[in-house]
Amino acid sequence: MGPLTACIVAPLALAAATSVAPPRAARWLALLGALLTLLVGGMAIADFAARPGADFRFVDSTPWSTAFGASFTFGVDGIGAAMLCLSGLITAIATIAAWQQDKWPRVYHALVLVLLAAMNGVFTSLDLLLFYVSWEMVLLPMLPLVGVFGGEQRRYAAMKFFVYTLAGSVLMLAMLIALWNATPREGRSVVVPHHVVAAHADASHGTLHGLPIDLGHDGPKQVHVPRGFDLRHLALQAEHWQGANFLGVTLAAFGFFAVLLACLVKIPAIPLHTWLPHAHVQAPTAVSVLLAGVLLKLGVYGLYRIGVPLFPQAAAAWAPALGGLGLAGILWGAWAALGQRDLKRLVAYSSVSHMGFCLLGLFSGTVAGATGGMVQAFTHGLSSGLLFLLVGVVYDRAHHRRVDGFGGLARPMPQFAWILLLGAMAGAGLPALAGFPGEFLVLGGAFTATGSFPWLGALATLSVVLSAAYLLWTLLRVAYGPLRHPEQAAFPDLDGRERLAAWPLAVLLVVVGLWPGPLVDALRPACELVVQTLQGGRP
């Protein structure tokens, strides 16, 4: 069993172990599963930072169904490695934040471990059927984590999350079946573009994604692709999806729309974002950290891993509209956050705004933009996770989240105020903090792209003003100025558990902001290959 397989099997085994373990041991089991994922993800991203490349590494494959060509195939490129690392880190932080969980602790931590396994499955799967199962499996633990352990309107919020995400991904199942049916039983021979061969061919074995290929001559390379669900093999057949018909449209058009809808709900993009504020407000603090820190990244990852590689022509055709949709999310999310009076809703709408940069960056069709989109996804996980943690800190003390119900908390809680200032500045994209590199690369990519993207980039810069406005205004009203509520003078500052959860994120916001090179180096080759695929789909 390889390390990536262990990242799925071990959390599931630990989840089962919580049923017989003492209640207080459940949190240690959840932390162990998260740290194992963080270790493997950290090793993977360090490998890509030291030896940049667009190839898949740590590949491990076990047959699942030979009749259908499905397998338990896991592997990561730089994008997958970064997301796996983020999954382990944020789950560890969320477990520490929920260390004092006293309502059914074994059930709670078992659900978190199942969620971790599902997220890891999405980020490491190289089989479309396995990817889909992992994608849907995320819903199973999230429904009770919000619906059972959440606030007063938890059932409504959980059901809305469930309906939106399930409805968004139901077409993906139809797409999966259609792709399998469109492949001849005996497979097909395809011509492989040079940039794919350069990125993924194994010269020592004469193979491409495990398939024999003649590398001994120049010119177009042909490879025979068997029928199955291997994502790498499906991507090689992109031209055939463009020519096949399904329900009166090309299979590529239907397939990209199916993936796009599922991913836009998860991101969440305008106008499919309305489930997010409800889910965040009702979810426990640790679940909000997981939701903002990792789950929103599933949608971005799906577009990079499936949407563009399998359907580049359709993706290229949709690119201007999706860039505009990204801009709408950037500006609308920031504007909506400016008017919020609940701290959780404010951070939730800021997430809508920041995730819009991922759409704008990817579909600008530039290497800088696509790399910036993934950097933004990673760093947003750090900053949003920290902000939700800090909202949970004041909620534990005041039992409310109203912005106007605080004031002057820097006096009784100076360490809290400093970390809140750091998180707010990172969210606002201040240079030298982690929020800056991703936004800078996305805007730089948009300005150098063709078509309407320079205008979209110019308008997106308005978010710098809006995000600074809502974050600084909130910071001023919550932490600084006079102590408006005398009873809050007795609020204790961060305790040991809260510091252990908050400080790693705060330190990483500074480290990545000052030294983004290793992260960018790890992500860039895989993002460059995605961009080449997108540009190859243009007429």
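Quick note: structure is the one above.
Residues numbered from 1 in each chain as written. Predicted model: local features only at pLDDT ≥ 70, side-chain atom pairs only at ≥ 80, totals over all residues. Heavy atoms only, no water.

Provide a residue-level description of the overall build of the chain, including the pertinent values.
In terms of regular secondary structure, the chain is built from 22 helices and nine strands. Taking 539 residues into account, the globule formula puts the C-alpha radius of gyration at 24 Å, and the chain, at 23 Å, falls close to it. Structurally, the chain occupies a C-alpha span of about 80 × 60 × 45 Å along its principal axes. Burial status across the chain gives 62% buried among its 539 residues. In the chain, the proportion of contacts linking residues at least 24 apart, taken out of those at least 6 apart, comes to 80%. Only carbon and sulfur atoms are counted for the fraction: they give 68% of the accessible area of the chain, which is about 19,400 Å². (Helix = DSSP H or I, 4+ residues; strand = E, 2+ residues; numbered from the N terminus. Rg over C-alpha atoms; globule rule 2.2 N^0.38 Å. Buried < 20%, exposed > 50% of the residue type's maximum accessible area, 1.4 Å probe, protein only. Contact = heavy atoms within 4.5 Å. Areas by Shrake-Rupley, 256 points an atom, 1.4 Å probe, with all protein chains shown as cover.)

Please give an account of the sheet that holds strand β4 (residues 201-202) that cites residues and values.
The antiparallel open sheet is built from three strands, whose spatial order is β4-β5-β6. Bordering the open sheet on either side are β4 and β6 (211-212), each of which pairs with just one other strand. Sheet analysis places strand β5 (residues 207-208) next to β6, joined by two bridges and oriented antiparallel. Bridge pairing in β6 places Thr 207 opposite Pro 212. (Pairing = 2+ DSSP bridges.)

Report on the packing of aromatic side chains, specifying residues and quantitative values.
Enumeration according to the criterion identifies eleven aromatic pairs in this entry. Residues Trp 104 and Phe 149 carry aromatic rings whose centres are separated by 6.4 Å and whose planes lie at 90° to one another, so their mutual orientation is edge-to-face. Within this pair, whereas Trp 104 is found in the loop between α3 (78-97) and α4 (105-124), its partner Phe 149 is found in the loop between α6 (139-147) and α7 (154-181), the two being separated by 45 residues in sequence. What makes Phe 149 buried here is its relative accessible area of 10%. Taking 5.3 Å as the distance between ring centres and 80° as the angle between the ring planes, the aromatic pair formed by Tyr 108 and Phe 149 counts as edge-to-face. Here the residue Tyr 108 occupies a position in helix α4, and Phe 149 occupies one in the loop between α6 and α7, the gap between them amounting to 41 residues. Take Tyr 108 and Phe 149: they sit in the same class, and that class is buried. These aromatic residues form a ring-pair network of at least three members: Trp 104, Tyr 108 and Phe 149. Above the ring of Phe 48, the side-chain terminus of Arg 57 is found at 4.1 Å from the ring centroid. (Phe/Tyr/Trp six-rings, centres within 6.5 Å; stacked < 30°, edge-to-face > 60°. Lys NZ or Arg CZ within 6 Å of the ring centre and 35° of its normal.)

Could you give me a rundown of unusual backbone geometry, with the residues and numbers involved?
Following Ile 267, the chain continues to Pro 268 via a peptide bond in cis, the omega torsion being -5°. Examined against the element boundaries, Pro 268 turns out to sit in the loop between α11 (251-266) and α12 (275-282). Omega for the bond connecting Ile 270 with Pro 271 falls within 30 degrees of zero, at 0°, which places this linkage in the cis form. Here Pro 271 lies in the loop between α11 and α12. Phi at Phe 58 is positive, roughly 60°, even though this residue is not glycine. By the element assignment, Phe 58 lies in strand β1 (residues 57-65). Non-glycine residue Leu 247 carries a positive phi angle of around 55°. Along the chain, Leu 247 turns up in the loop between β8 (245-246) and β9 (249-250).

A description of the nonpolar core should follow, citing residues and the corresponding values.
Among the nonpolar cores identified, the biggest contains 179 residues, and Met 142, Phe 311 and Phe 363 are the most heavily contacted of them. No other element matches the 17 residues that helix α13 (residues 285-310) contributes to this core. Leave out the neighbours within four places in its chain, and Phe 363 touches Phe 256, Leu 303, Val 308, Ala 315, Ala 319, Leu 322, Gly 323, Phe 453 and Leu 534. The next biggest cluster of nonpolar side chains, apart from the first, holds ten residues, and it includes Val 192, Val 196, Ile 213 and Leu 236. (Core = buried A, V, L, I, M, F, W, Y, C linked by side-chain atoms within 4.5 Å.)

How would you sum up the side chain of Ser 351? Please name residues and give values.
Structurally, Ser 351 can be placed in helix α15 (residues 343-363). Ignoring anything within four residues of it in the chain, the contact list for Ser 351 reads Leu 276, Ala 292, Leu 296, His 380 and Ser 384.

Describe the environment of Asp 342, naming the residues involved and giving the relevant values.
Within the element layout of this structure, Asp 342 appears in the loop between α14 (312-338) and α15. Residue class for Asp 342 comes out buried when judged on its relative accessible area of 18%. Looking at Asp 342, its side chain comes within polar contact range of the side chain of Arg 401, at 3.4 Å. (Polar contact = N/O pair within 3.5 Å; in protein donor to acceptor, adjacent residues only side chain to side chain.)

Any details on the pairing of strand β3 (residues 188-192)? Residues and values, ideally.
Here β3 shows a buried face lined by Arg 188, Val 190 and Val 192 and an unburied face lined by Ser 189 and Val 191. Where β3 and strand β7 (residues 221-225) come together, five bridges link them in antiparallel fashion. Each bridged residue has a counterpart across the sheet, and for Arg 188 the counterpart in β7 is Val 225.

Can you explain helix α1 (residues 3-17)? Please cite residues and give values.
Between its terminal C-alpha atoms α1 stretches 20 Å, which fits the 21 Å expected from 15 residues at 1.5 Å a residue. Looking at α1, one finds that the buried residues are Leu 4, Thr 5, Ala 6, Cys 7, Ile 8, Ala 10, Pro 11, Leu 14 and Ala 15. Next to the buried residues of α1 lie α2 (26-50), β1, β2 (70-76), α3 and α4. (Expected span 1.5 Å × (residues − 1).)

If you had to explain a nonpolar patch on the surface to someone new, which residues and values would you point to?
On the surface, Trp 503, Val 507, Val 511, Leu 514 and Trp 515 cluster together into a nonpolar patch covering about 540 Å² of accessible area. Tracing the backbone through its elements, the reader meets Trp 503 in helix α21 (residues 496-514). (Patch = residues over 30% accessible without salt bridge, like charges linked within 9 Å, V, L, I, M, F, W, Y side chains within 5 Å. Salt bridge = Lys/Arg side-chain N within 4 Å of Asp/Glu carboxyl O.)

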